[in-house]
Amino acid sequence: MQEIDSMAFEFETGLDFALKSDKNDVLNTYKNKFYFPQHNGKDAIYFCGNSLGLQPKTVEQSIQTELSTWREMAVGGYFKGTNPWLTYQDALRNSLGKIVGATENEITVMNALTVNLHLLMMSFYRPTKERFKIIMEAGAFPSDQYAVETLVKHFNLNPTDAIIEIAPKEGEKILHTNDIIQVIEDNKDSLAMVMFGGINYYTGQFFDLKTITQKAHEVGAIAGFDLAHVIGNIPLQLHDWDVDFAAWCSYKYLNAGPGAVAGAFIHNKHSSNINTPRLAGWWGNEEKERFKMEKGFIPKANASGWSLSTSPVFNTAALKASLVIFDEAGIDRLREKSEQLTAYLEFLLNQLANISFEIITPSDPLQRGTQLSLYFKERGKEIHTKMIESGIIVDFREPGVIRLAPAPLYCSFEDVFRFYEILKNNF
Ligand SMILES: Cc1ncc(COP(=O)(O)O)c(C=O)c1O
């Protein structure tokens, strides 16, 4: 993992500090590339990019281009459009590869997140009589829980026997890497797969994917991750860490809009092997074979060999536009700013004496991304409603957590300061 010197940040409580930090921020113009919801005629404070990212202003043109192609060429758009639809999604793999640390061949753009988790787990979960257990974090996102539960049932296994959930120690809110490693070790003879969230959606904890993967492999298990809250938030090295597979959605930090086309990583060692088991569809076929309409599936020898269906072009157009912004800004620079913004938010939150909450996200910057989760023993929902009424867009997750995610592409130090000032003066 990347080294972060948390002592390098020295913050102050005044507005001057925020304005000075924005002036020094090399990414400060990126805010202008996004549309903001309005509150009393001004941009709202938007700390909800962990749920749905803002709309890049370039998305409309990107969709318009494909509308024109459709209007003017109809089916010809597949082969002769400005961006031929036959391979439309392929152009996005390079940008995504830079974000997750993978080669183009290890990336595919398809479907939605839960669908992709199912597809990948179908490929990599090969239970035997001895080895059939799956380890996941307790309190994983419900869709992941349902996916794993129904997967093991599909193999006629009992979820109680087959699924091991790792919960924080009594009285704690986050997991320790050593404890995860220990559970893997304790189940070394029966473990088939570790399927963890990269960042837990509720606590905001970022797990040590490299160490978890190493340990899973040491005992002969597969390591897969749900990166919904990581992609576009924290740079990764999925290839070098030898992660087997990962899946993500594109509507959070990737800003590709509601229900945007999702993506997946399948390590080269698996994706280059056309015999790796999978559920197939014609879009995973070699292009030169695809239109022969013949019997017998011949997958592409890369992650696109998992694609099933005709690419959803309008939906993918938004992701295409958004990834141009990521290419320009660079995930490492975004992460650098994000560490500062989140640490600044944490610093200001710790100055507040008028409301009572606990920050349950790790204070260690290596164990978190942009998000801070505030746990309110009481009044959580009421405070959330008041935030919304004050023009602060954040979300609430039962029982009592408000999640704050100042995404570095479009949030400023001044936004964080204004947020603090509203809380200090009005709550
Ligand atoms: C961690 C995590 N996993 C899975 C999902 C479900 O994603 P989808 O509805 O795109 O399948 C979400 C949605 O927010 C999520 O946050």
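For every chain, the first residue of the written sequence is number 1, and numbering continues from 1 along that sequence. At least 70 in pLDDT is required for a residue's local features to be given in this predicted model, at least 80 for side-chain atom pairs to be given and counted, and no such filter applies to totals for whole chains, interfaces and linings, which use all residues. Side-chain descriptors were evaluated using all non-hydrogen atoms of the structure, hydrogens and water having been removed beforehand.

Q: Hey, could you run me through the overall build of the protein chain in this one?
A: The numbering of helices and of strands both runs from the N terminus, where a helix is a DSSP run of H or I of at least 4 residues and a strand a run of E of at least 2. From N to C terminus, the protein chain includes 15 helices and 17 strands. Throughout, the radius of gyration refers to the C-alpha atoms, and the reference size of a globule is 2.2 Å times the residue count to the power 0.38. Against the globule reference of 22 Å for 427 residues, the protein chain gives a C-alpha radius of gyration of 22 Å, in line with a compact fold. Considered along the principal axes of its C-alpha atoms, the protein chain spans approximately 70 × 60 × 35 Å. In this scheme, a residue with accessible area under 20% of its type's maximum is buried, one over 50% is exposed, and one in between is partly exposed, where area comes from a 1.4 Å probe on protein chains only. Burial statistics for the protein chain: of 427 residues in total, 56% are counted as buried. Should any heavy atoms of two residues lie within 4.5 Å, those residues are counted as being in contact. Taking the contacts inside the protein chain whose residues are at least 6 apart along the sequence as the reference set, 72% of them involve residues at least 24 apart. A 1.4 Å probe and the Shrake-Rupley method give the accessible areas. Residues count as covered only by the protein chains that appear here. When the accessible surface of the protein chain is totalled, it reaches about 18,300 Å², and 50% of it is carbon and sulfur. Between the averaged position of the 41 positive side-chain charges in the protein chain and that of its 52 negative side-chain charges there is a distance of 5 Å. Counted as positive: Lys and Arg. Counted as negative: Asp and Glu. His and the chain ends are not counted at all. Throughout, a charge is located at the NZ atom of Lys, the CZ atom of Arg, the CG atom of Asp or the CD atom of Glu.

Q: Looking at this model, I keep getting lost on the side chain of lysine 252. Mind explaining?
A: Locating lysine 252 in the fold gives a position in the loop between β11 (245-248) and β12 (263-266). Here a salt bridge means any side-chain nitrogen of Lys or Arg lying within 4 Å of a carboxyl oxygen belonging to Asp or Glu. In this structure, lysine 252 is buried with no salt-bridge partner, the nearest side chain bearing the opposite charge being aspartate 395 at 7.1 Å. Polar contacts, as counted here, are pairs of nitrogen or oxygen atoms within 3.5 Å of one another; within protein the pair requires one atom able to donate a hydrogen and one able to accept it, and residues that are adjacent in sequence qualify only if both atoms are side-chain atoms. A distance of 3.2 Å separates the side chain of lysine 252 from the backbone oxygen of asparagine 50, its partner in a polar contact. Other than its neighbours up to four places away in sequence, lysine 252 contacts Gly49, Asn50, Ser51, Leu52, Gly53, Ala228 and His229.

Q: Explain the environment of serine 190 to me, please; I cannot follow it from the model alone.
A: In this structure, serine 190 sits in the loop between α8 (177-186) and β9 (191-197). Overall, the relative accessible area of 12% leaves serine 190 in the buried class. Sequence-wise, serine 190 and valine 219 are 29 residues apart; in three dimensions their C-alpha atoms are separated by 9.2 Å. Once you skip the residues sitting within four places of it in the chain, serine 190 turns out to touch Glu130, Arg131, Phe132 and Lys133.

Q: Teacher, can you tell me more about helix α15 (residues 413-426) here?
A: The periodicity of an α-helix, 3.6 residues per turn, causes residues three or four positions apart to be oriented the same way. By this rule, a helix spans an expected 1.5 Å times one less than how many residues it contains. Compared with an ideal rise of 1.5 Å per residue, which puts 14 residues at 20 Å, α15 spans 20 Å between its outermost C-alpha atoms and is within 8% of the ideal. Restricting attention to buried positions, one finds in α15 the residues Phe413, Asp415, Val416, Phe417, Phe419, Tyr420, Ile422 and Leu423. Looking at the packing, one finds that the buried side of α15 touches α1 (15-24), β4 (45-46), α13 (331-349), α14 (380-389), β15 (392-393) and β17 (401-404).

Q: Is there a simple way to think about the packing of helix α12 (residues 313-329) against α13 in this case?
A: Helix-helix packing is described using two parameters, namely the angle between the two axes and the distance between the axes. Relative to each other, α12 and α13 sit at 80°, their axes nearing to 6 Å. Taken together, the axes of α12 and α13 lie roughly perpendicular to each other. Contacts between α12 and α13 pair Phe326, Glu328 and Ala329 from the former with Ile331, Arg333 and Leu334 from the latter. The residue inventory of the contact of α12 with α13, partitioned by class, reads four nonpolar, no polar and two charged. Helix axes are fitted to C-alpha atoms over the stretch in contact, other axes to C-alpha atoms as well, and angles between N-to-C directions run from 0 to 180 degrees. Here the angle decides the label: under 35 degrees means roughly parallel, over 145 means roughly antiparallel, 65 to 115 means roughly perpendicular, and every other value means oblique. For this classification, Asp, Glu, Lys and Arg are treated as charged, while Ala, Val, Leu, Ile, Met, Phe, Trp, Tyr, Cys and Pro are nonpolar and the rest, including Gly, are polar.

Q: Just checking my understanding: could you explain the site of the ligand for this structure?
A: Near residues are defined by distance, with any heavy atom within 4 Å of the molecule or strand qualifying the residue. Taken together, the residues surrounding the ligand are Leu113, Thr114, Phe141, Asp144, Asp226, Ala228, His229, Tyr251 and Lys252. In this structure, a nitrogen atom belonging to the ligand sits 3.0 Å away from a side-chain N or O atom of aspartate 144. Between tyrosine 251 and the ligand, the recorded distance is 2.6 Å, taken from a side-chain N or O atom to an oxygen atom. The fraction of the free accessible surface of the ligand (400 Å²) that becomes covered by protein chains is 81%.

Q: Sorry if this is basic, but what is going on with a nonpolar patch on the surface here?
A: Patch membership needs two things, relative accessible area over 30% and no salt bridge, and members are linked within 9 Å if like-charged or within 5 Å if nonpolar (Val, Leu, Ile, Met, Phe, Trp, Tyr). Taken together, the side chains of Phe79, Trp282, Phe291 and Met293 define a hydrophobic patch exposed on the protein surface, amounting to about 470 Å² of accessible area. Along the chain, the position of tryptophan 282 falls in the loop between α10 (268-271) and α11 (287-290).

Q: So what exactly am I meant to see when it comes to the pairing of β9 here?
A: If a strand is regular, its side chains alternate between the two faces of the sheet. The buried fraction of β9 is high, at seven of seven residues. Pairing between strands is defined by DSSP: at least two bridges between the two strands are required. Sheet topology places β9 next to strand β10 (residues 222-226); five bridges connect them, and they run parallel. Across the sheet, residue phenylalanine 196 finds its bridge partner in β10, namely phenylalanine 225. The parallel pair β9 and β10, bridged by helix α9 (residues 209-218), forms a crossover whose chirality is right-handed. Throughout, right-handed denotes a crossover for which the path from the first strand over the helix to the second runs clockwise when the strands point away from the viewer.

Q: I would appreciate a short explanation of the sheet that holds β10 in the present structure.
A: By definition, the strands of a sheet pair up through backbone hydrogen bonds, in either a parallel or an antiparallel sense. With mixed pairing, the seven strands of this open sheet are ordered in space as β6-β12-β11-β10-β9-β7-β8. Two strands lie at the open edges of the sheet, namely β6 (107-109) and β8 (163-166), each paired on one side alone. Strand-to-strand twist in this sheet, taken as the mean axis angle between neighbours without regard to direction, amounts to 15°. The pairing of strand β7 (residues 133-137) with β8 spans four bridges and is classified as parallel. Paired with isoleucine 134 across the strands is isoleucine 163, a residue of β8. Across the sheet, helix α4 (residues 93-100) lies against β6 and β11, angled at about 125° from β6, the strand it touches most.

Q: I would appreciate a short explanation of the pattern of salt bridges in the present structure.
A: Where charged atoms of side chains with opposite charge meet at close range, the side chains can pair. A complete count under the given rule lists 20 salt bridges for this structure. Two residues, glutamate 328 and lysine 33, come together in a salt bridge whose shortest N-O distance is 3.7 Å. A residue pair is termed long-range when its members are at least 10 positions apart, and glutamate 328 in helix α12 and lysine 33 in the loop between α1 and β1 (34-35) qualify at 295 residues. Its relative accessible area of 30% is what places lysine 33 among the partly exposed residues. The partner of arginine 335 in a salt bridge is glutamate 339, and the shortest N-O contact between them spans 3.2 Å. Of this pair, arginine 335 and glutamate 339 both sit in helix α13, four residues apart, which is roughly one turn of the helix. Across the pair, exposure class does not vary: arginine 335 and glutamate 339 are buried alike. A network of salt bridges, in which partner residues are shared, links Glu185, Lys188, Lys215 and Glu218.

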